[in-house]
Amino acid sequence: MTEILEPREVPLGGLRAMNVRRTLPQRQRSLIGAWCFLDHYGPDRVDETGGMMVAPHPHIGLQTVSWLFGGTIEHRDSAGTHALVKPGELNLMTAGSGISHSEVSTDDTTQLHGVQLWVALPAAYRDTEPSFAHYAPPVVHGQGWDAQVFLGSMLGSESPVETYSPLLAAEMILDGGTRLTPDLQSHFEYGVLVDFGLVRVNGEEIKQHQLAYVAPGEGLDIEAADLSHVLVIGGRPLGEEIVMWWNFVGRDHDEVVHAREDWMAQIRDNNGTIQDSSEIYDGRFGIVEGDHLPPIPAPALPNAKLKPRR
């Protein structure tokens, strides 16, 4: 049976920042394969929302996947990467043992529209070296549909980008009345996010901004009732517990606590004051060169011990 996950609105980067629609994680579902986070935003007019202005912040134990439908975002990270995120081009950052980065919409961007996803690294790779990958996948065509496969393989298109567990990610546009049953991995679980339009996933109606979940072995049948724009993600079930808090994916409470301590120690001066980006120490999470925004301090930890999820 197809499960429907509803989005919730979350401010990105602070209470006065642009809002995003978060469909993963949910109380009832934390993961789809190794996908552990999905924010969907726009189309937003930058002159009304202020656009994206996410100052340097840390990550561990995950990969960030940036995919835009419209607009441009400037990415800087402490591994030395300075890149532009553009529509139809994948930017994948591996945090591994620790990285920091910033994301700011460019001055010439008038409308911002896209998704930001995270992939939980399997335990065996959670301490891998930070890195960055870029890929502009070709557009593949079929009767009533166009697609770009930016991770994994589907519809005869395969991405060369390395992942640490079997994954799939693709953007698709389907004409009204198009029905597509791609030949996919039977041991994968899948998610279908509707950007616009109305689709049926395995016969279940999925509306705009909803995320459909399909369990392993159920197959994937997508039918567009009208012109529809969707994101398809999938992967082999991770089969591991993770502890996810703020920007960290760890394996237990203590790992997350230590990451928070390392970040706060890095961005505070000897008096405990948060420093400007140009003055922070070069610690575990490195320095985001060329960024003028002050780093984001970590929120306080909850009083209770962080619980693992799977």
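Right, let's walk through the structure included here. (Residues numbered from 1 in each chain as written. Predicted model: local features only at pLDDT ≥ 70, side-chain atom pairs only at ≥ 80, totals over all residues. Heavy atoms only, no water.)

The helix and strand inventory of the protein stands at 2 helices and 26 strands. Relative to a compact globule of 310 residues, whose C-alpha radius of gyration would be 19 Å, the protein shows 19 Å and is just as compact. Judged by the C-alpha coordinates and their principal axes, the protein covers about 65 × 40 × 35 Å. A total of 310 residues make up the protein; the buried ones form 55% of that total. Counted over contacts in the protein with a minimum sequence separation of 6, partners at least 24 positions apart contribute 69%. With the model as given, the accessible surface of the protein reaches about 13,500 Å², and the carbon-plus-sulfur share is 45%. If you average the places of the 22 positive and of the 42 negative side-chain charges in the protein, the two averages end up 8 Å apart. (Helix = DSSP H or I, 4+ residues; strand = E, 2+ residues; numbered from the N terminus. Rg over C-alpha atoms; globule rule 2.2 N^0.38 Å. Buried < 20%, exposed > 50% of the residue type's maximum accessible area, 1.4 Å probe, protein only. Contact = heavy atoms within 4.5 Å. Areas by Shrake-Rupley, 256 points an atom, 1.4 Å probe, with all protein chains shown as cover. Lys, Arg positive; Asp, Glu negative; His and termini not counted. Charge placed at Lys NZ, Arg CZ, Asp CG, Glu CD.)

Moving on, we get to the sheet that holds strand β21 (residues 204–206). Sheet architecture is open: 4 strands sit in the order β18-β23-β20-β21, paired in antiparallel fashion. Edge strands, defined here as strands with exactly one partner in the open sheet, are β18 (179–180) and β21. (Pairing = 2+ DSSP bridges.)

Along a regular strand, successive side chains alternate from one face of the sheet to the other. Counting buried positions over the 7 residues of strand β14 (residues 145–151) gives 6, a clear majority of the element. When strand β13 (residues 140–142) meets β14, the two strands line up antiparallel, connected through 3 bridges. Residue pairing for β14: H141 is matched across the bridge by D146. Hairpin geometry of β13 and β14 is characterised by an intervening segment of 2 residues between the two adjacent antiparallel strands and by a positive phi of about 85° at G144. Summarising the sheet, β14 and strand β17 (residues 167–174) pair through 6 bridges and their orientation is antiparallel. Paired with D146 across the bridge in β17 is I173.

All right, on to the pattern of salt bridges then. Overall, the coordinates contain 9 salt bridges when judged by the stated rule. Measuring nitrogen to oxygen at the nearest pair gives 2.6 Å for the salt bridge that ties R45 to D47. Its relative accessible area of 58% is what places D47 among the exposed residues. Of the charged contacts, one joins E48 and R45 as a salt bridge, the two residues approaching to 3.7 Å between their closest N and O atoms. Beyond isolated ion pairs, a larger network of salt bridges with shared partners links R45, D47 and E48. (Salt bridge = Lys/Arg side-chain N within 4 Å of Asp/Glu carboxyl O.)

Take the nonpolar core next. The biggest cluster of nonpolar side chains holds 38 residues, and the ones touching the most others in it are W35, C36, L38, V65, L90 and L151. Listing elements by their share of this core, those giving two or more residues are β4 (35–45), β6 (62–70), β9 (90–94), β11 (111–120), β14, β17, β22 (211–214) and β24 (228–235). If you tally residues by element for this core, the top one is β11, at 5 residues. If you look at the next biggest cluster of nonpolar residues, it comprises 24 residues, including L168, L174, V192 and V230. (Core = buried A, V, L, I, M, F, W, Y, C linked by side-chain atoms within 4.5 Å.)

Tracing the chain through its elements places S66 in strand β6. A polar atom in the side chain of S66 sits 3.0 Å from the side chain of Q116. (Polar contact = N/O pair within 3.5 Å; in protein donor to acceptor, adjacent residues only side chain to side chain.)

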